[in-house]
Amino acid sequence: VMESIKTIKKDIITEVDSETGELLDVSINEHKIVMGQDKFTLVYANFWNNIMESNLSASDIELLAYLISNYSDGTPFSISLPIKTDISKSTGKSPSSYDRTTKKLLDAKFIYSVGGRTYKLNPRYAFQGSSKNRKKAIIEMIGDCSNC
């Protein structure tokens, strides 16, 4: 992700001697923000409650973070070897570290099955898109998965 720093405001501060009127100091205070092209995904409060109540390991949470980062727009996915290999590159763990994660994420209701070994993220916990589209995704999920 390419990021840059952008100055959005400059305050010029002058210090003047009150007796002589002499200019003592001039400083510039810059207000900057980081600009980037990160995707924006909303993570809802009940996500954190569910994390605290679940029995997820660090590996499970790493894979969940990967899924949120890449599939929170409602795109279906399969937790296959290529996904496990991709995340293992950034974590330094072996792909097999994530073998039991699918069942744990299903049990914790962070993901749900849409058929076979294809899943979607539960939009109640994380979603990228408008509130209107999130509501549609929740209705769709309830139709696919009655216990989500």
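Everything quoted here is computed from the prediction, not taken from an experiment.

> What is the right way to look at the overall build of the protein in this model?
A count of helical and extended segments in the protein gives 5 helices and 6 strands. Reading the helices (α) and strands (β) of the protein from amino to carboxyl end gives β-β-β-α-α-α-α-β-β-β-α. The C-alpha radius of gyration computed for the protein amounts to 23 Å, which surpasses the reference 15 Å derived for 148 residues by more than 25%, pointing to a less compact arrangement than a globule. Projected onto its principal axes, the C-alpha coordinates of the protein cover approximately 80 × 40 × 30 Å. Within the protein, the proportion of its 148 residues that are buried is 28%. The long-range fraction of contacts in the protein, counting pairs at least 24 apart against all pairs at least 6 apart in sequence, stands at 54%. Accessible area of the protein: about 9,800 Å², with a carbon and sulfur share of 51%.

> Would you explain a nonpolar patch on the surface in this entry?
Together, Ile12, Val16, Leu23, Val26 and Ile28 give the surface a local cluster of nonpolar side chains, amounting to about 490 Å² of exposed area. Elements that contribute at least two residues to the nonpolar patch include exactly β1 (3-16) and β2 (23-36).

> Mind showing me how you'd approach the pattern of salt bridges here?
When their charged atoms lie close together, side chains carrying opposite charge are able to pair. Counted under the stated rule, the structure contains 7 salt bridges. We note a salt bridge from Lys104 to Asp60, for which the minimum N-O separation is 3.2 Å. Of this pair, Lys104 sits in helix α4 (residues 101-107) while Asp60 sits in helix α2 (residues 58-71), and the two are 44 residues apart along the sequence. On the accessibility criterion, Asp60 (2% relative accessible area) is buried.

> What's the story with the environment of Thr7 in this structure? I'm lost.
Among the structural elements, Thr7 can be located in strand β1. With relative accessibility at 33%, the residue Thr7 sits in the partly exposed group. Separated by 111 residues in the primary sequence, Thr7 and Thr118 place their C-alpha atoms 45 Å from one another.

> I tried to follow the side chain of Asn50 on my own but got confused; where do I start?
Here Asn50 lies in helix α1 (residues 45-53). Judged by its relative accessible area of 12%, Asn50 is buried. If we skip the residues at most four places from it in the chain, Asn50 touches Ala108, Phe110 and Tyr125.

> Just checking my understanding: could you explain helix α3 (residues 81-91) for this structure?
Those residues of α3 that fall on the buried side of the exposure criterion are Ile83, Lys84, Ile87 and Ser88. One side of α3 carries all its buried residues, which in axial view fall inside an arc of 130°. Turned more than 90 degrees from where α3 packs its buried face, Leu81, Pro82, Lys89 and Ser90 sit exposed. After α3 finishes, the residue Gly92 shows a positive phi value of roughly 80°.

> How should I be thinking about the pairing of strand β4 (residues 111-115) in this particular structure?
Residues in a regular strand point their side chains to alternate faces of the sheet. One ladder, built from 4 bridges, connects β4 with strand β5 (residues 118-121); its direction is antiparallel. Each residue of the ladder has a partner; that of Ile111, found in β5, is Leu121. Adjacent in sequence and paired antiparallel, β4 and β5 are bridged by 2 residues, among which Gly116 carries a positive phi angle near 60°.

Cut-offs and rules
- Residues numbered from 1 in each chain as written.
- Predicted model: local features only at pLDDT ≥ 70, side-chain atom pairs only at ≥ 80, totals over all residues.
- Heavy atoms only, no water.
- Helix = DSSP H or I, 4+ residues; strand = E, 2+ residues; numbered from the N terminus.
- Rg over C-alpha atoms; globule rule 2.2 N^0.38 Å.
- Buried < 20%, exposed > 50% of the residue type's maximum accessible area, 1.4 Å probe, protein only.
- Contact = heavy atoms within 4.5 Å.
- Areas by Shrake-Rupley, 256 points an atom, 1.4 Å probe, with all protein chains shown as cover.
- Patch = residues over 30% accessible without salt bridge, like charges linked within 9 Å, V, L, I, M, F, W, Y side chains within 5 Å.
- Salt bridge = Lys/Arg side-chain N within 4 Å of Asp/Glu carboxyl O.
- Arc of directions from axis to C-beta.
- Pairing = 2+ DSSP bridges.

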